[in-house]
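Topology and contacts: notes
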Amino acid sequence: MSLRPAVFIVAALLAAARLGTAQDAPKSEAPPKVAGVDVPAPKRIKSVPPHYPPEAQALGMRGIVILELVVGPDGKVTSARITRSVPPFDEAALSAAREWEYEITKVDGKPVSVILTVPIEFKMKLPEMSRDGGIPELRQGVVPAFPAGAGPDTATVIAEVTLDPDGHVAEARIKSGESPWAESVIQALRTWRFSPVEGQGGLAFEVKADFTSGGKGGPRVDLRLSGARHTEAPPPAEPAASPAVATASMPAPAPSPVAPPAAATPAASPSPAPARPTPPPEELIRNPAGGKPASPPVTAASPGPPAVPGAPPAIAASPLPVPATPPPPPAPGISAVRDVTLAPGVPDLMKGRRPVAPPLARMQGVSGTVDVRFAVDAAGSASVREVTGPEALKEAARQTVASWTFRRTTPERLFLAATLTYTGDNASAAVRAQDQ
């Protein structure tokens, strides 16, 4: 009986200890508030600009990445995730957003976490440059990227650029400059597009790029365009011999019996050929059979059989029937997009995303190839028609091809096919012509 009071005392002490511990324990943190719904969006007080990826800068790429941020009670970003992806800007956007800080948001006088959605736009202003008179205005393009880890503090590259009449860079070559500075200039020139060239033909000029790594503003590239000179317009195509002869020989079914010998006599002599060149199409059309006799070169160049059996010597002596030279095979197009190769017959690829393995596929170790069939319209834009391949890779391939822009010179739709190969962290694409 004497132990019962002691037991009650011990139990009371334990209960009091549990009660005190429960009161001293911090309350669980309230769920984050949604900015714009539960609380006003907090003001950013520390902003770090995102770093523009060099590969995107070289291709003139731009886009908007949308992030969902969780801002802790202390105003610092505790987590960030991508809700709208635009490779290769995703990592640059995440890295910058994690350094941001916001004003502390309070509810009932207590700091709370906040969820907010933030768009990050990647865009570049046109390069600043000085240009002499006669050089059109730059409408699109990027400044040459400063090579990472380059040796000297300063470097100069001079390139010669030739523009098409529509302002595209048709040709660019390095006149002086060392690697990697020269490669940086060439990559930037591939993204440049100017206003249409005034007058006939194209335009050629020099581009001087001065790289400077020091200074208060950090690395910079000074550009100067000079020495403008017009290039000759391509001469008009001369009329082919075979269509002209066909036009002149069409009314020949009823020749005069005397006409073939008269034509054969001068044709057998080699002297008339240099003395009288092949008549222009206008003359051939004005002098059909039934007027004055057709000229000897026209009769000799007729691809059909002779009108009179006795005329073979005139045909054999004629210098006009020259075997047609087969057209050269189409050359492969030029790709301004990294890791994309073009087969012969595919027009130049001007801009777009390069193939990048999707992060989820890399985490899962998914590799393989994706075939994308697409069409290119008169403006050069690609529209995807069919995608086949592993599910984890199909969407990335579709977005990549849909971003491409080709250089077009004809209005008809062009049907192409691309095979994108994903192997671990590496990705590449090969584009070929595809029948409809």
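Residues numbered from 1 in each chain as written. Predicted model: local features only at pLDDT ≥ 70, side-chain atom pairs only at ≥ 80, totals over all residues. Heavy atoms only, no water.

Description of the nonpolar core
- In terms of nonpolar packing, the biggest core is built from 26 residues, with Phe-374, Trp-404, Tyr-422 and Val-431 touching the most fellow members.
- Counting only elements with at least two residues in this core, the list comes to strand S16 (340–342), strand S18 (368–376), strand S19 (382–388), helix H12 (391–402), strand S21 (414–423) and strand S22 (426–433).
- With sequence-adjacent residues up to four places away left out, Tyr-422 is seen in contact with Val-356, Ala-357, Pro-358, Ser-367, Gly-368, Val-370, Leu-393, Ala-396, Ala-397 and Ala-427.
- Counting 25 residues, the second-largest nonpolar core is a separate cluster that includes Tyr-52, Leu-94, Trp-100 and Tyr-102. (Core = buried A, V, L, I, M, F, W, Y, C linked by side-chain atoms within 4.5 Å. Buried < 20%, exposed > 50% of the residue type's maximum accessible area, 1.4 Å probe, protein only. Helix = DSSP H or I, 4+ residues; strand = E, 2+ residues; numbered from the N terminus. Contact = heavy atoms within 4.5 Å.)

Quick notes on the pairing of S19
- Two elements, S18 and S19, share six bridges in a ladder whose sense is antiparallel. Each residue of the ladder has a partner; that of Asp-371, found in S19, is Thr-388.
- Two successive antiparallel strands, S18 and S19, enclose a turn made up of five residues, where Gly-380 displays a positive phi of approximately 95°. (Pairing = 2+ DSSP bridges.)

Quick look at the sheet that holds strand S12 (residues 169–176)
- Spatially, the five strands line up as an open sheet ordered S9-S15-S14-S11-S12, and their pairing is mixed. At either margin of the open sheet sits one strand with a lone partner, and together these are strand S9 (129–131) and S12. Adjacent strand axes in the sheet meet at a mean angle of 20° when their direction is disregarded.
- Of the strands in this sheet, strand S11 (154–163), S12 and strand S14 (203–212) are in contact with helix H4 (residues 181–189), which crosses S11 at around 35°. (Axes fitted to C-alpha atoms, helices over the stretch in contact; angles between N-to-C directions.)

Focus: the sheet that holds strand S4 (residues 77–84)
- One open sheet accounts for four strands, arranged S1-S8-S3-S4; its pairing is mixed. The sheet is open, and its two borders are formed by strand S1 (33–34) and S4, each paired with just one other strand.
- Taken together, the nine bridges between strand S3 (residues 63–71) and strand S8 (residues 114–122) define a ladder with antiparallel strand orientation. Along S8, the bridge assignment pairs Leu-69 with Leu-116.

Side note on the pattern of salt bridges
- Applying the stated criterion to the full structure yields 13 salt bridges.
- Arg-81 is the partner of Glu-68 in a salt bridge, and the nearest nitrogen-oxygen pair spans 3.0 Å. Of this pair, Glu-68 sits in strand S3 while Arg-81 sits in strand S4; the two residues are 13 residues apart in sequence, bridging distant segments of the chain.
- The class of Glu-68 is partly exposed, set by a relative accessible area of 23%.
- In this structure, the salt-bridge partner of Arg-398 is Glu-395, at a minimum N-O distance of 2.8 Å. One end of the pair, Arg-398, and the other, Glu-395, are both in helix H12, three residues apart, so they sit about a helical turn from each other.
- Overall, Arg-398 belongs to the partly exposed group, its relative accessible area being 33%.
- The class for Glu-395 is partly exposed, based on a relative accessible area of 41%.
- Ionic contacts of the salt-bridge type, sharing partners, join the residues Glu-160, Arg-173 and Arg-229 into one network. (Salt bridge = Lys/Arg side-chain N within 4 Å of Asp/Glu carboxyl O.)

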